[in-house]
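Take a look at the letters that make up each chain.
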Amino acid sequence: HNALGQFDDCLRDLSIAIDYTDDPKMTNYIVGQMASCNISKEDYEEARWVYNAYLTELLDPSETDLVADTHNKQAVVELLDNNPEEAHRLLELSWNPYKDAPEKYGEQHFYYLHNKGRAYMLQGKGNEALECLKESKRIQMELNGEVMENTLRYIEELGGE
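This text gives an overview of the structure that appears in the document. Computed from a predicted structure; not experimentally measured.

**A look at the environment of L58**
Relative to the elements of secondary structure, L58 occurs in helix α3 (residues 44-58). Spatially, the C-alpha atoms of L58 and V31 are 10.0 Å apart, while their sequence positions differ by 27 residues.

**Quick look at unusual backbone geometry**
Phi at E42 is positive, roughly 55°, even though this residue is not glycine. In this fold, E42 is placed in the loop between α2 (24-40) and α3. Judged by relative accessible area, E42 falls into the exposed class, the value being 60%. Of note in this structure, N82 is not a glycine but carries a positive phi near 55°. By the secondary structure assignment, N82 is in the loop between α4 (64-80) and α5 (84-95).

**Describing the environment of E161**
As for its position among the elements, E161 is in the segment after α8 (149-157). By relative accessible area, which is 76% here, E161 ends up exposed. Those residues within four positions of E161 in sequence are excluded, and the remaining contacts are K134, K137 and I155.

**With respect to the packing of α5 against helix α6 (residues 106-122)**
Relative orientation of the contacting elements α5 and α6 amounts to 165°, with a least axis distance of 9 Å. Taken together, the axes of α5 and α6 lie roughly antiparallel to each other. Taken as a pair, α5 and α6 cross one another with a handedness that is left-handed. Contacts between α5 and α6 involve P84, A87, H88, L91, E92, S94 and W95 from the first element and Q108, H109, Y112, N115, K116, A119, Y120 and L122 from the second. A per-class count over the contact of α5 with α6 returns 8 nonpolar, 5 polar and 2 charged.

About the cut-offs
Residue positions are given per chain, counted from 1 along the sequence in the order it is written. In keeping with the model being predicted, local features are shown solely for residues with a pLDDT of at least 70 and side-chain atom pairs are shown and tallied solely at 80 or more, while totals for entire chains, interfaces and linings include all residues. Excluding hydrogens and water, the side-chain figures rest on all heavy atoms present in the structure. A run of H or I in DSSP becomes a helix once it reaches four residues, and a run of E becomes a strand once it reaches two; helices and strands are each numbered from the N terminus. When accessible area is computed with a 1.4 Å probe and restricted to protein chains, residues below 20% of their type maximum are described as buried, those above 50% as exposed, and intermediate ones as partly exposed. Note on definitions: a residue-residue contact is assigned when non-hydrogen atoms from the two residues lie within 4.5 Å. The angle between two axes is taken between their N-to-C directions and runs from 0 to 180 degrees, where each axis is a line fitted to C-alpha atoms and a helix contributes only its stretch in contact. Note on angle classes: values under 35 degrees are labelled roughly parallel, values over 145 roughly antiparallel, values of 65 to 115 roughly perpendicular, and the remainder oblique. In this scheme the handedness of a crossing depends on how the near helix is turned from the far one: anticlockwise by less than a right angle means left-handed, clockwise means right-handed. For this classification, the nonpolar set comprises Ala, Val, Leu, Ile, Met, Phe, Trp, Tyr, Cys and Pro, the charged set comprises Asp, Glu, Lys and Arg, and every other residue, Gly included, is treated as polar.

Spatial relationships are all this shows, so hold off on functional conclusions.
Rendered as structure tokens:
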């Protein structure tokens, strides 16, 4: 349904599916897909509601990786809704569990830096944005041998390489 743009049907099916899993990672995936449908509909308030309900009602706070992932996803909603200050706040929450050993958490680190760079871009802070995005690019190349298209596009928009 999601791929076909049938977002209401997708949301209906996902809201049923979430009741049939006890796996925290699967619940996290389903919640992310529900928010994604709302984002596709440009209903950012509903996407916020989905993530907030997940954090307060479904997610065990001891699942620190999933909590951090959810804060990162919330930050993306804020970026899409042109709310860079709130995105920065959420990104700090998303990075908090990993900040003492960033080299051990490469994927989380490059997403954090990518999104932080985008938030700086929206604030008109090109130098800070470029610094974050270039570091994100370096880590992506090191880990995956390739770089996300948006990271490259943002760097180019800022006049970097």
